[in-house]
Amino acid sequence: MGLINKTLAADELLPYTYEYAGRLATEIAPSSLASTKVQLYWDLHTDAASSVEDAGRRLVAMMRNADFAEGVAALTEKRPPAFGSGPET
């Protein structure tokens, strides 16, 4: 189910957390992080069917975003992405 992806010793947790946060900050578009955060909060207050519908709507919107094209281009060209800075939820 993917509920646990990694286990760490106590002394490894903080360094891993900082490294993971750094990857999120450099490899994920700010607009994607913002949309995910909104979706997670939304999902806390709605039913499963509404959550699935909202997730689909957000996915389609994000795929139309310039950051999506940049992410695909960066992956294809094997280079770091250069995302825009504005969140688009």
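Just so we're clear, the structure is a prediction, and the values are computed from it rather than from any experiment.

Topic: the packing of aromatic side chains
Then, in step 1: Counted according to the given criterion, the structure contains one aromatic pair.
Then, in step 2: Here Tyr-16 and Tyr-20 contribute two aromatic rings whose centre-to-centre distance is 6.3 Å and whose plane-to-plane angle is 15°, an arrangement assigned as stacked. You can see Tyr-16 and its partner Tyr-20 sitting in helix α1 (residues 10-27), four residues apart, about one turn around the helix.
Then, in step 3: On the accessibility criterion, Tyr-16 (28% relative accessible area) is partly exposed.

Quick word on the pattern of salt bridges
Then, in step 1: Taken as a whole, this structure holds five salt bridges when the rule is applied.
Then, in step 2: The shortest N-O distance in the salt bridge between Asp-54 and Arg-58 comes to 2.9 Å. Of this pair, Asp-54 and Arg-58 are both found in helix α3 (residues 48-63), four residues apart, which corresponds to roughly one turn of the helix.
Then, in step 3: Using a relative accessible area of 9% as the deciding quantity, one classes Arg-58 as buried.
Then, in step 4: A salt bridge links Arg-79 to Glu-70; the shortest N-O distance between them is 2.6 Å.
Then, in step 5: For Arg-79, a relative accessible area of 28% translates into the label partly exposed.
Then, in step 6: Sharing partners across several salt bridges, the network here consists of Asp-54, Arg-57 and Arg-58.

Cut-off values and rules
- Residues numbered from 1 in each chain as written.
- Predicted model: local features only at pLDDT ≥ 70, side-chain atom pairs only at ≥ 80, totals over all residues.
- Heavy atoms only, no water.
- Phe/Tyr/Trp six-rings, centres within 6.5 Å; stacked < 30°, edge-to-face > 60°.
- Helix = DSSP H or I, 4+ residues; strand = E, 2+ residues; numbered from the N terminus.
- Buried < 20%, exposed > 50% of the residue type's maximum accessible area, 1.4 Å probe, protein only.
- Salt bridge = Lys/Arg side-chain N within 4 Å of Asp/Glu carboxyl O.

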